[in-house]
Amino acid sequence: MINILVVEDEKNIRDVIKAYLSKEGYKVFTAQDGERALEVFEDQDIHLVILDLMLPKLSGEEVCTYLRAKSDVPIIMLTAKVDEDAKIEGLAIGADDYVTKPFSPRVLVSRVKALLRRSYRDSNPLAEKFIFNNGDLVVDADKMLVMKNGQNVDMTASEFKVLMVLLSNPGQVFSREQLIQSAFGHDYDGFDRTIDTYIKNIRRKIEENPKRPKYILTIYGIGYKYGGSK
Ligand code: CA
């Protein structure tokens, strides 16, 4: 499930955005000021942030700057300021897109979808849905949804990215470094071995028996490959 954080102090707008996004199947968290936004972001695994510019406690710019210092989470700025300066500043401090108020909720939803596709593109193959082992494992790339035996599996964005790289290239062996590059890009600064933790978590979540995995296989001395059957 995709988690979206909506940061907006005006309750009406917050409620409308939440209603529209929930209807699309996203899980929506809300915050009514900048400080709360950072708390929710710390506590939850957020995949996209919709961020109002004019906020109590911490401004949208401050929240954006803070988030960017620690995360690549896609951010859409909401701005009532119609002047170009505010938009340019928003983009300069790291927002990925902006929507000017007043806005149509439908337009906002389509911008959310487009930004999610763009942001998770590398882990998002052309096929939207993967079905393995007669439906024991179903992965919906667009919705970032994983189901095991009909049950939703909660995955972090990072785990999902790693899983998608392997799923999209069945049978191909990836070294740890290749897997990190493909899943996270060049600016990833973790250790190669961090990937083992992701793999361990993914196995725990999708394998019947994580000690004898059938989906994510270890190729000793090299790395990992996807070994499930379509
Ligand atoms: Ca506001």
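Since the structure is predicted, the reported quantities are computational estimates derived from the model, not experimental observations. (Residues numbered from 1 in each chain as written. Predicted model: local features only at pLDDT ≥ 70, side-chain atom pairs only at ≥ 80, totals over all residues. Heavy atoms only, no water.)

A.B. asks: Account for the overall build of the chain, with residues named and values stated.
C.D. replies: Counting its secondary structure elements, the chain contains eight helices and twelve strands. For a compact globule of 230 residues, the expected C-alpha radius of gyration is about 17 Å, and the chain comes in at 19 Å, within 12% of that figure. Oriented by its inertia axes, the alpha-carbon framework of the chain measures out at about 55 × 35 × 30 Å. Going through the 230 residues of the chain one by one, you find that 45% of them count as buried. In the chain, of all internal contacts separated by at least 6 residues, the share reaching a separation of at least 24 is 56%. (Helix = DSSP H or I, 4+ residues; strand = E, 2+ residues; numbered from the N terminus. Rg over C-alpha atoms; globule rule 2.2 N^0.38 Å. Buried < 20%, exposed > 50% of the residue type's maximum accessible area, 1.4 Å probe, protein only. Contact = heavy atoms within 4.5 Å.)

A.B. asks: Break down the packing of aromatic side chains for me, with residues and values.
C.D. replies: Evaluation of the coordinates by the stated rule reveals two aromatic pairs. Their ring planes at 45° and their centres at 5.6 Å tell us that Phe-184 and Tyr-198 sit as a pair that is tilted. Taken as a pair, Phe-184 in helix H7 (residues 176-184) and Tyr-198 in helix H8 (residues 194-206) lie far apart in primary sequence, 14 residues in all. You can call Phe-184 buried: its relative accessible area is 17%. Classification of Tyr-198 by relative accessible area gives buried; the value is 17%. Relative to Tyr-226, the ring of Tyr-215 lies with its centre 6.2 Å away and its plane at 15°, an arrangement referred to as stacked. Taken as a pair, Tyr-215 in the loop between H8 and strand E11 (216-219) and Tyr-226 in strand E12 (residues 223-226) lie far apart in primary sequence, eleven residues in all. An identical accessibility class is assigned to Tyr-215 and Tyr-226; each is buried. Across from the ring centre of Tyr-20, 4.8 Å away, lies the NZ or CZ of Lys-23, which sits over that ring. (Phe/Tyr/Trp six-rings, centres within 6.5 Å; stacked < 30°, edge-to-face > 60°. Lys NZ or Arg CZ within 6 Å of the ring centre and 35° of its normal.)

A.B. asks: How would you summarise unusual backbone geometry if you had to cite specific residues and measurements?
C.D. replies: Backbone torsion omega between Lys-101 and Pro-102 reads -5°, so that peptide bond is classified as cis. Residues other than glycine seldom take positive phi values, yet Lys-57 does so here, at roughly 70°. Within the secondary structure layout, Lys-57 lies in the loop between strand E3 (48-52) and helix H3 (60-70).

A.B. asks: Which residues make up the sheet that holds strand E4 (residues 75-79), and what values go with them?
C.D. replies: Taking strand neighbours across the sheet as the criterion, the five strands line up as E2-E1-E3-E4-E5 in an open arrangement whose pairing is parallel. At either margin of the open sheet sits one strand with a lone partner, and together these are strand E2 (27-31) and strand E5 (97-100). Going across the sheet, the axis of each strand differs from the next one's by a mean of 20°, ignoring polarity. Summarising the sheet, E4 and E5 pair through four bridges and their orientation is parallel. Within E5, the position partnered with Ile-76 by the bridge is Asp-97. Against the sheet, H3 engages E3 and E4, with an angle of about 170° to E4. Across the face of the sheet, helix H5 (residues 105-119) comes into contact with strand E1 (3-7), E3, E4 and E5 while running at roughly 155° to E4. (Pairing = 2+ DSSP bridges. Axes fitted to C-alpha atoms, helices over the stretch in contact; angles between N-to-C directions.)

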